[in-house]
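Structural overview for review
The primary structure of each chain is shown beneath.
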Amino acid sequence: MFEPVFLRRGLQGVDPWQVEYTVVDVETTGLSPARGHRVCEVAAVRLRADGTVVEEFSTLVDPQRAMSRQNQSHHGISESDVAGAPLFTDVAGTLLRLMRGSLVVAHKLAFDASFLEAEFARAGAARLRVAGLCTLTAFRAQTDLRGYTLAGIVKDLSGAWPSHGHAALEDARNTARALTTLLATSPQPLRLTGGPSGTLPVWPEAVRSRPRIAGAPGSRQGWPAHIHAALPSGRTVPPDPVAAGEYQRVLEDLAVQGRLAGPEAQRLVTLASAAGHHQTSVRQIHSAVWHTVHSRIPDPSPRTVRELTDLARHLGVSDFAARDLPSVGDELKGVRIVPVSQDAAVRDLTAWAERHGATIGVRPSKTTRLVIATDPTTVPSPSAVTQHRLPVLAPAAARQWLEQQMKPAAQPAAAVAACGPLVFTGPGAGPAWRLHELPDELTAGTFTAPVRWVIEQCVAPEATFVQFSRGRTPRLMVDKSKAPHGSEQTLENALTELRQAAGLALTVKGRYRRAGRTADAALVPPRRPYGGAPAARPAKDPEPRQVIVFEGPRGEPRIIPTTLPASLGEPTRHPRSAVASAAATAVAGEGHLRRRRQSFSVHFWLFCLTGGIGNIIYAVRVNNWNKARGL
C-alpha cells in the first residue's frame, strides 16, 4: 500500500517544506493482521512542515473480535471501550480525505501500513498506492541517539518522557513533533525522494466518532481541561446532541459543587467520548458553564474571585477569567496579615493581598506577619503585637511592605499540553546529528547493535571491509579478510540478520585472518625503551626470548613467551615448523592447566556433597537411637 519515501541530505529531490504531512497511528488487538488481528483505534494529524495543525481526527474502532489481556494492558483499551464504536469502514472515507495530497508519516511505518492495508482491503479499497515516510528510518539514518523508540526520541528532543504512551492521537502528535523538529534543526539541506500521494478514492465521511481520552490530569489541572487538550482539534464529525447535553449538565453540577479535580469527574471522560466531542465543541460547553457559574455571583469577594479563577483553569478557559475578573496569584502565599481597621483603604488593600495568596487573620498571633491599621498607635490588642514583635503599618506603607514580600508567580503544571504548533522547542530541542548519513535502505529493518555497527562502517572513510552501493537493488559487499581483528563474532551476527533482510543483495567474500592457528603467527620483537637503544639484559638472562601472538581456545588474543631465541633489535625468522610447534605447545599447556582447575573444582564439590549426605545419615541414626531409648 505504501511506497517508501526517504529523507536524505543533498539538493536533489522534493523540498520537505513545501509538502503537507498526514501522521497516522493505530492501536491494534495484536501484532499481525495475517493472524486476524484488527485495528481498535486510529488517529490522523494533518499538518504543515512548520508544525501548524490543519486538521486532526481520532476515534476508537470496533475490531469485531475479542481482545487479549496482553493488548489491553499495553494500550489500555478494553472490550467495553470499543463496544458501540464505529467500524473501520465507517471512518475510512475521512482517513482517505486526510491522506489525499499529502505525505503519510508514521513511526515504524511497516507496522501501521500492514494493518491499514488489511483494513482498507477489507473495506473494499485494495491496491491503494500511498507515499509514506517512516520517521524511525529517518532518525536512524540522520541522528545518533541511544534508542529510536518514539518515547526515547521524545525524551531526547524535549527532555521529558511522554505524559502517556500508546494512545493513537498522542503518539501521532509526538511523531509529528519529532518530524518537524528534525526538519527545523537540520544542519544540512534535506530532500524527499518522492512527493505526496496521488489520487485516492472519495468515500463518504464519518458521521460519528468516539475519541479516546487517555492519561490522568495533573495535580493543578482538572478533568475538563485534560479532556479539552486530549481531544482532536478538527470539526470533521459533529458531536451527538443528546450526549453533549448530558455532558454539559453533569459538568455544571460538578462545577457548582467544586469537584472538577476529584475522582467523581472521571464520568466526564466517558460522556465526552460517547458524545464524539472535539476541541471546539467542548470549549463552547466549558465557556458556557463558566459564564453560568459567574453570573450567579454578581459581586464576587476576593475569595470568590480566586475560586472562579481556579474554575476557569480547570475548565481550560483561563482567558475568560483574565478578561472578566481581577488578577489573582500565589505571590503572597504563606503571608498572614491582620487588618484592625474598617476604612476603605484597609479593605481594598486586604482584598488585593487576598487575591495574591495572602491569608487574612482576625487577631494577631505568632503566625501573623503584618498588622494593618489606619492609625498604628490605636491597635486593639497592643500586648499581642508587642509580645510577637509584629510590624504595624498604615495602608500605604503596608502596600510597599507586601510588594517586597511578593515571590515570582508559580506557573501551573499542565498535564497535557494544548494542541498548538507540533514542534519541540527549548534549548535542548535538537538531535545529535551524524557526521555521515547512513543508507536508509539498511536502517528500515532490524537495527540491533551488530547491524548498527556494520551500517556505520559503510560510511566511515577508514573502513574498507564493507561497501554499500545503490541501484535497482541495494547491494552490501563485505570482505572478511579486511575486517578488524576481534570483530569476527560481531560481523557474523550482523551478516546472519542482514541475510534475512528483504530487498538487499548481500555479497560476502574472503576469510578471517586468524593468527596463531597457522604458520602466519605474528612475531613480536622485544620491547625497546623510548629512545631507540635496546634495553640492557641482566647477566642471569643474557639471551632474549621471542613471543608469539595467537588466538586462544575461545578466540581471544594471547601473547606468550617461547623458548625461541631472538637477537636484540629485530625479530628472528624461524622455520614454520618451529613456530607452529611453539604455538601448539603453548595451547596444550594452557589446556592442561584448565583441565587441572576443572578437576579440582569437581572433586571439591563432590567432597562437599558426600560430607553433607554423611551428616544427614548420622543425624537420622542418632534420632532413631534416642527414640529407642525413650528420649
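Look a little higher up for the structure.
In this text, all values refer to a predicted model and were calculated from it rather than measured experimentally. (Residues numbered from 1 in each chain as written. Predicted model: local features only at pLDDT ≥ 70, side-chain atom pairs only at ≥ 80, totals over all residues. Heavy atoms only, no water.)

**Quick word on the overall build of the protein chain**
Across its full length, the protein chain carries 20 helices and 18 strands. Looking at the protein chain as a whole, 44% of its 631 residues are labelled buried. Residue pairs at least 24 apart in sequence account for 72% of intrachain contacts in the protein chain once pairs closer than 6 positions are excluded. Total accessible area on the protein chain stands at roughly 33,100 Å², and carbon and sulfur atoms take up 54% of it. (Helix = DSSP H or I, 4+ residues; strand = E, 2+ residues; numbered from the N terminus. Buried < 20%, exposed > 50% of the residue type's maximum accessible area, 1.4 Å probe, protein only. Contact = heavy atoms within 4.5 Å. Areas by Shrake-Rupley, 256 points an atom, 1.4 Å probe, with all protein chains shown as cover.)

**Observations concerning the sheet that holds strand β6 (residues 103–106)**
With mixed pairing, the six strands of this open sheet are ordered in space as β1-β7-β6-β3-β4-β5. Two strands in the sheet have a free side with no partner beyond their single neighbour: β1 (2–5) and β5 (53–60). Across the sheet, the mean angle from the axis of one strand to that of its neighbour is 30°, orientation sign disregarded. Sheet analysis places strand β3 (residues 21–28) next to strand β4 (residues 39–47), joined by eight bridges and oriented antiparallel. Across the sheet, the residue bridging to Val-26 is Val-42, located in β4. Sheet strands in contact with helix α3 (residues 88–99) are β3, β4, β5 and β6, and its direction is about 155° off that of β5. With respect to the sheet, helix α7 (residues 168–184) is in contact with β3, β4, β5, β6 and β7 (130–134), its orientation differing from that of β3 by roughly 145°. (Pairing = 2+ DSSP bridges. Axes fitted to C-alpha atoms, helices over the stretch in contact; angles between N-to-C directions.)

**Things to note about the environment of Val-293**
Summarising the element assignment, Val-293 is placed in helix α11 (residues 279–295). Distance from Val-293 to Leu-308, taken between C-alpha atoms, is 8.2 Å for residues 15 residues apart in sequence. What Val-293 contacts, discounting residues up to four positions off in sequence, is Ala-255, Val-256, Leu-308 and Leu-311.

**With respect to the pattern of salt bridges**
If you walk through the whole model with that rule in mind, you get 26 salt bridges. Arg-249 is the partner of Glu-246 in a salt bridge, and the nearest nitrogen-oxygen pair spans 2.6 Å. Of the two residues, Glu-246 and Arg-249 are both situated in helix α9 (residues 241–257); the distance of three residues between them amounts to about one turn of the helix. Since its relative accessible area comes to 27%, Glu-246 is described here as partly exposed. Taking the relative accessible area as the measure of exposure, Arg-249 reaches 42% and is therefore partly exposed. Across the pair Arg-313 and Asp-310 runs a salt bridge, and its minimum N-O distance is 3.0 Å. One end of the pair, Arg-313, and the other, Asp-310, are both in helix α12 (residues 302–315), three residues apart, so they sit about a helical turn from each other. Through salt bridges with shared partners, a single ionic network connects Arg-8, Asp-440, Glu-441 and Arg-470. (Salt bridge = Lys/Arg side-chain N within 4 Å of Asp/Glu carboxyl O.)

**Remarks on the pairing of β6**
Of the two faces of β6, the one holding Leu-103 and Val-105 and the one holding Val-104 and Ala-106 are both buried throughout. Sheet topology note: the β3/β6 ladder contains three bridges and is parallel. In the sheet register, Val-23 faces β6, and the bridge partner there is Val-105. Bridging between β6 and β7 involves three bridges; their strand directions are parallel. Residue Ala-106 lies in a different strand from β7, and its bridge partner there is Cys-134.

**So, the nonpolar core**
Judged by nonpolar contacts, the single largest core of 87 residues is most densely connected at Tyr-21, Phe-120 and Leu-476. Setting aside residues up to four positions removed in sequence, Tyr-21 forms contacts with Pro-16, Val-45, Arg-46, Leu-47, Ala-49, Ser-102, Leu-103, Val-105, Leu-179, Leu-183 and Leu-192. The next biggest cluster of nonpolar side chains, apart from the first, holds 31 residues, and it includes Leu-231, Val-289, Val-293 and Leu-325. (Core = buried A, V, L, I, M, F, W, Y, C linked by side-chain atoms within 4.5 Å.)

**Overview of unusual backbone geometry**
The bulk of non-glycine residues show a negative phi, and the bulk of peptide bonds are trans. We note that Lys-108 has phi near 65°; this positive angle belongs to a residue other than glycine. Within the secondary structure, Lys-108 sits in the loop between β6 and α4 (109–123).

**Some thoughts on the packing of α9 against helix α10 (residues 267–275)**
Packing of α9 against α10 brings their axes to within 8 Å, and their N-to-C directions diverge by 160°. Here α9 lies roughly antiparallel to α10, going by the angle between them. Our pair here, α9 against α10, has a crossing hand that is left-handed. Contacts between α9 and α10 involve Ala-243, Ala-244, Glu-246, Tyr-247, Arg-249, Val-250, Leu-251 and Leu-254 from the first element and Arg-267, Leu-268, Leu-271, Ala-272, Ala-274 and Ala-275 from the second. Across the contact of α9 with α10, the residue classes tally to 11 nonpolar, no polar and three charged. (Parallel < 35°, antiparallel > 145°, perpendicular 65-115°, else oblique. Left-handed = near helix turned anticlockwise from the far one by under 90°. Nonpolar A, V, L, I, M, F, W, Y, C, P; charged D, E, K, R; others polar.)

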